Amino acid sequence: RAKAGGKGMLHFYEEEMDRQAQARRATEMDLRKAIQSNELAVYFQPLLNLKSLTVTTCEALVRWPHPTRGMISPAEFIPIAEETGLIIELGRQVIVKACTACAAWPGDVRVAVNLSSIQFERDDVVALVEDALAASGLAPDRLELEITETLLLKDSDGILKVLQQLRSMGVRIALDDFGTGYSSLSYLHKFPLQKVKIDRSFLKNIETDQRSVKLLHGVSRLGAELGLTVVVEGVETHAQMRIVDQPGAVTEIQGFILSPAVPDKDLQSLLGRNNQAVMKKVA
Ligand code: C2E
Ligand code: MG
Ligand code: MG
Ligand code: MG
């Protein structure tokens with residue numbers, strides 16, 4: 001009996017795995033179609049500079065308005081796009097849309113675009129960036145590229161050359177989700193970075209645990225000491241804000257406390273002349 005039960009379980013798992021594989025293939029097919037017909041949308045989330053109380057940068061975040069499933073999160077489809085190579089075409093569309101939108105914003109606002117390490121592996125990122133800048137007419141110093149620790153771990157000499165080339169074009173480089181990967185502090189000075197974005201997991205427990213606060217402040221100060229713009233991601237509450245906002249370390253925050261990612265047209269009021277009241281409420 002036990003044996004039969006075991007077989008039954010195995011069967012159950014196999015069926016479940018089949019179902020998952022099928023769902024994934026369906027998502028992949030839908031995603032391919034969405035990319036081919038240019039249906040993916042790009043939303044923007046503002047970053048607030050705590051000194052000037054102005055929005056310095058808006059991060060481009062891809063959105064997939066699915067015909068039957070509603071808005072699908074990039075956390076769900078970016079991994080699929082990476083595995084299937086669809087990330088190359090997706091990445092092209094996002095960077096062109098992001099640069100085009102930014103070209104119409106006030107001149108002191110930059111756009112930040114996320115790049116996958118697969119793009120560095122399989123695409124010519126320098127050409128990708130040159131094309132997007134040419135197509136949009138955006139000045140290179142208004143484009144910031146967000147890369148992750150995983151990328152820096154890979155073939156770091158080749159990556160270093162590409163990043164230096166981008167840097168010499170005037171494009172800025174930010175290290176995203178800092179502290180989530182196999183973080184090595186040596187990355188921070190080996191690569192030509194201007195900004196480090198401390199992952200929102202660092203905010204966990206800061207309201208109750210003094211050691212979490214020390215860790216956040218320590219990492220922030222290190223970034224600042226190295227001359228980087230330090231961003232804390234995922235700030236949601238005023239309680240968090242009071243802990244994050246330490247003089248001299250954290251320069252910018254990004255989070256729901258200011259705004260989630262919104263369509264380009266909804267950014268205009270935030271970027272307009274009357275934004276100071278909004279910013280003061282946050283900081
Ligand atoms: P990320 O680059 O770290 O982007 C920040 C994510 O945190 C976004 O999720 C944003 O909506 C979310 N977030 C911002 N503030 C808060 C907050 O206060 N609370 C909470 N709970 N979340 C907050 P989103 O848009 O779902 O994107 C998830 C990830 O997908 C991104 O993480 C990025 O790694 C990836 N991604 C998004 N768009 C692209 C893209 O165009 N290309 C590539 N390669 N990856 C992308
Ligand atoms: Mg990012
Ligand atoms: Mg991030
Ligand atoms: Mg993050």
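In what follows, the structure referred to is the one given above.
On a predicted model such as this, the values are computed, not experimentally measured, just so you know.

## Side note on the coordination of the magnesium ion (ligand 2)
Protein coordination of the magnesium ion (ligand 2) is provided by Glu-59 (OE), Asn-114 (OD1), Glu-146 (OE) and Asp-176 (OD), with donor distances spanning 2.0 to 2.2 Å. Look at where the donors of the magnesium ion (ligand 2) fall in the sequence and you get E-x54-N-x31-E-x29-D. Taken as a pair, the magnesium ion (ligand 2) and the magnesium ion (ligand 3) lie 3.4 Å from each other and share Asp-176 as a ligand. Taken together, the positions of Glu-59 in strand S2 (residues 54–66) and Asp-176 in strand S6 (residues 172–178) put the pair 117 residues apart, joining distant regions of the chain.

## Some remarks on the pattern of salt bridges
Throughout the structure, instances matching the rule amount to 15 salt bridges. Of the charged contacts in the structure, one is a salt bridge between Glu-144 and Lys-195, with a shortest N-O distance of 3.0 Å. Separated by 51 residues along the polypeptide, Glu-144 in strand S5 (residues 143–147) and Lys-195 in strand S7 (residues 195–198) bring together distant segments of the chain. No difference in accessibility class separates Glu-144 from Lys-195, as the two residues are buried. Among the ionic pairs, Asp-209 bridges to Arg-211, the shortest N-O distance being 3.8 Å. With a relative accessible area of 23%, Asp-209 lands in the partly exposed category. Salt bridges sharing common partners tie together Glu-144, Arg-172, Lys-195 and Glu-252.

## Let's talk about helix H5 (residues 125–136)
With 12 residues, H5 should reach 16 Å at 1.5 Å per residue; the first-to-last C-alpha distance of 16 Å fits that figure. For H5, the full list of buried residues reads Val-125, Val-126, Leu-128, Val-129, Ala-132, Leu-133 and Ser-136. One face of H5 carries all of its buried residues, which in axial projection span an arc of 160°. Turned more than 90 degrees from where H5 packs its buried face, Ala-134 and Ala-135 sit exposed. In this structure, the buried residues of H5 make contact with helix H3 (87–102), helix H4 (117–122), S5 and helix H7 (156–169).

## What about the coordination of the magnesium ion (ligand 4)?
Distances from the magnesium ion (ligand 4) to its protein donors, Asp-177 (OD), Asp-199 (OD) and Glu-233 (OE), fall within 2.1 to 2.7 Å. The distance between the magnesium ion (ligand 4) and the magnesium ion (ligand 3) is 3.2 Å, with Asp-177 acting as a donor to both metals. One end of the pair, Asp-177, is in strand S6; the other, Asp-199, is in the loop between S7 and helix H9 (210–225), with 22 residues separating them in the sequence. The partly exposed category is assigned to Asp-177, whose relative accessible area is 25%. Accessibility expressed as a relative area gives 12% for Asp-199, which makes it buried.

Cut-offs applied
Residues numbered from 1 in each chain as written. Chains lettered and ligands numbered in written order. Predicted model: local features only at pLDDT ≥ 70, side-chain atom pairs only at ≥ 80, totals over all residues. Heavy atoms only, no water. Donors = N, O, S within 2.8 Å, 3.2 Å for Na, K, Ca; no water. Helix = DSSP H or I, 4+ residues; strand = E, 2+ residues; numbered from the N terminus. Salt bridge = Lys/Arg side-chain N within 4 Å of Asp/Glu carboxyl O. Buried < 20%, exposed > 50% of the residue type's maximum accessible area, 1.4 Å probe, protein only. Expected span 1.5 Å × (residues − 1). Arc of directions from axis to C-beta. Contact = heavy atoms within 4.5 Å.

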